[in-house]
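Chain by chain, the residues:
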Amino acid sequence: MKELEDYRMFCTKAELQKALNTLHGIITGIAFDKSINIQEISELANWCNLQRDYIKQPPFNKIIPYVEEILANGELSRETYGNILGYCEQYADNLDSQNIETHDIQELHGIIHGILSDNVINDHEVKSLYHWLKDHKNLTGTYPYDEIYCVVCEVLEDWSVSEEETLRLKALLGNFVDTRNSMNISQVEIEHLQEKYAVDGICAREPEISIKGKTFCFTGTSSRAKRDEIAEMITERGGHFNNNVTKKTDFLIVGNEGNPCWMFNCYGRKVEKAVSLRKAGNRIMIVNELDFWDTYDSADEDENETEAQLLCEKIKKLILQADEGYDVSKICVKGYKNRDTDAAITMFDKPCFSVKGKQTVYLYIASAIQRRFSSLDLQKMATTPWKRIELSKVDIAQFQDALVDVYEKCWLDSSEQFGCCSRYLQCSDNLKCIQPDPELKGGCQYRQNLRKGRIFYGKNKTI
């Protein structure tokens, strides 16, 4: 017995913190629908009675008598509800610091208890729970946050809650309340609902997935690739693939072909094992394959945009080498995620090149400028007039003149064109355009002749 007492002495602060966080959650959950009924008051009174072991411990030496005094009057007003929350927050600061995730999970358990305390779940409570979950995404990957958040999001897709949906939620939330410590929540009813609604083991909602250095497992049937192909894709990106769920598994991908995400029973043992590990505290995340492909594809797009940025910088340097007066800020990369072009290099907002590809990265060249790159072995495309070549086979430095011609054409097309300005004699004598206004300079057709040595006026006249 002495060993048990010593152990309890050691754990007292942790137990007090848990009780305090749970009380904060219960009060919050009860008030979610902005009304407090007699069943909720009796449930709160019962919970306080169960904490009488802490009656001599601050802050419960003040909180429990205060709550009991309020409840003795049979009324829990908004003002007194706020006072109780204030006590919890005030005394929580006086206890030892605690991991924020532990604090929030304990509060979440209390919120669930508060919602179920009158055995009724209504629209206001579900919507308030949704907002709380949305504000606590730091819990992503922590059991049971993902399971609850996914189901709540599914229920609120039409922003209303049907009677069947409340029963489904009740079956799920009943997993996280100890009904032995409740006056109103019926374990028999919860078990009956859980037999009817299989809602355990839910895919994470909007998960943050990284591949490099992470271990993946797959279950079900993919709508996009075979399992060995998925394994190869993951390993190519620096991840690890295992056919079995283990304690080292970071992500279990659930195939999307023909399976509703929240009815996990049809997925079999891998999901059951993952849920079991999550309950034991492992940070394994169960994700739908569509979320995995979003991550995988965005990595391709990001890589291609990086390739395009590198190519763009090379082009800028080559053009500046030809004429330091060129405004290379008009040459830039624009990303087009989820479109046919991953990253386009534009000049004066006109797409000239694009970079695209997964296994092999290709450089695509716009049809209007292809003749300037005729020495390249360009491949025709069936669905677009753009032609392509493997990016690794192109030495862009060999095409400085062609790039300058493309830049000049885009500049000219973007400007209002005219023959020449009043400075034509000065320009002829200087063998180049000296017009300081970029728009006028861009639209001057005589400047194109000067570039090519065709001088019509002055001492340097060649024509």
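Some points on the side chain of Ser 222
Step number 1: Its place among the elements puts Ser 222 in the loop between strand E1 (215-219) and helix H10 (227-236).
Step number 2: Within the structure, Ser 222 has its side chain in polar contact with the backbone nitrogen of Ala 225 (distance 3.1 Å).
Step number 3: Here Glu 289 takes part through its side chain, which lies 2.8 Å from a polar atom of the side chain of Ser 222.

Considerations on the confidence of the model for the protein chain
Step number 1: With 87% of its residues at a pLDDT of at least 70, the protein chain reaches an overall mean of 82.
Step number 2: A low-confidence stretch, residues 1-11 (pLDDT under 50), is modelled with two contacts involving residues beyond four sequence positions or located in other chains.
Step number 3: Note that residues 258-267 has pLDDT below 50 and, in this model, 24 contacts with residues that lie over four places away or in other chains.

Looking at the pairing of strand E8 (residues 362-365)
Step number 1: What you see with E8 is no split at all: Tyr 362 and Tyr 364 on one side and Leu 363 and Ile 365 on the other are buried throughout.
Step number 2: Two elements, strand E7 (residues 350-356) and E8, share four bridges in a ladder whose sense is antiparallel. Bridge pairing links Val 355 to Leu 363 in E8.
Step number 3: The pairing of E8 with strand E9 (residues 387-390) spans four bridges and is classified as antiparallel. Residue Ile 365 lies in a different strand from E9, and its bridge partner there is Lys 387.

Describing the sheet that holds E1
Step number 1: Taken in spatial order, the four strands of this open sheet run E2-E1-E3-E4, and their pairing is parallel. Looking at strand neighbours, the two that pair on one side only are strand E2 (240-241) and strand E4 (285-288), the edges of this open sheet.
Step number 2: Both strand E3 (residues 251-254) and E4 contribute to a ladder of four bridges, which runs parallel. Its bridge partner lying in E4, Ile 253 is registered against Val 287.

Side note on the packing of helix H2 (residues 38-50) against helix H3 (residues 60-72)
Step number 1: Running from N to C, H2 and H3 point in directions that differ by 150°, and their axes come no closer than 10 Å. Relative to H3, the element H2 lies roughly antiparallel. Every pair of crossing elements has a handedness; the one defined by H2 and H3 is left-handed. Across the interface between the two elements, Ile 41, Leu 44, Ala 45, Trp 47 and Cys 48 of H2 pack against Phe 60, Ile 64, Val 67 and Leu 71 of H3.
Step number 2: Of the residues belonging to the contact of H2 with H3, the class tally is nine nonpolar, no polar and no charged.

Description of the pattern of salt bridges
Step number 1: Per the counting criterion, the structure on display carries ten salt bridges.
Step number 2: The closest approach of N and O atoms between Arg 283 and Glu 101, which form a salt bridge, is 3.2 Å. Taken together, the positions of Arg 283 in the loop between helix H11 (269-279) and E4 and Glu 101 in helix H5 (residues 100-116) put the pair 182 residues apart, joining distant regions of the chain.
Step number 3: Residue Glu 101 is classed as partly exposed on the basis of its relative accessible area of 24%.
Step number 4: The salt bridge involving Arg 180 is made with Asp 178; its shortest N-O contact spans 2.9 Å.
Step number 5: Taking the relative accessible area as the measure of exposure, Arg 180 reaches 72% and is therefore exposed.
Step number 6: Judged by its relative accessible area of 33%, Asp 178 falls in the partly exposed class.
Step number 7: Through salt bridges with shared partners, one network takes in Asp 146, Glu 147 and Arg 278.

Quick notes on the rules
- Residues numbered from 1 in each chain as written.
- Predicted model: local features only at pLDDT ≥ 70, side-chain atom pairs only at ≥ 80, totals over all residues.
- Heavy atoms only, no water.
- Helix = DSSP H or I, 4+ residues; strand = E, 2+ residues; numbered from the N terminus.
- Polar contact = N/O pair within 3.5 Å; in protein donor to acceptor, adjacent residues only side chain to side chain.
- pLDDT = per-residue confidence, 0-100.
- Contact = heavy atoms within 4.5 Å.
- Buried < 20%, exposed > 50% of the residue type's maximum accessible area, 1.4 Å probe, protein only.
- Pairing = 2+ DSSP bridges.
- Axes fitted to C-alpha atoms, helices over the stretch in contact; angles between N-to-C directions.
- Parallel < 35°, antiparallel > 145°, perpendicular 65-115°, else oblique.
- Left-handed = near helix turned anticlockwise from the far one by under 90°.
- Nonpolar A, V, L, I, M, F, W, Y, C, P; charged D, E, K, R; others polar.
- Salt bridge = Lys/Arg side-chain N within 4 Å of Asp/Glu carboxyl O.

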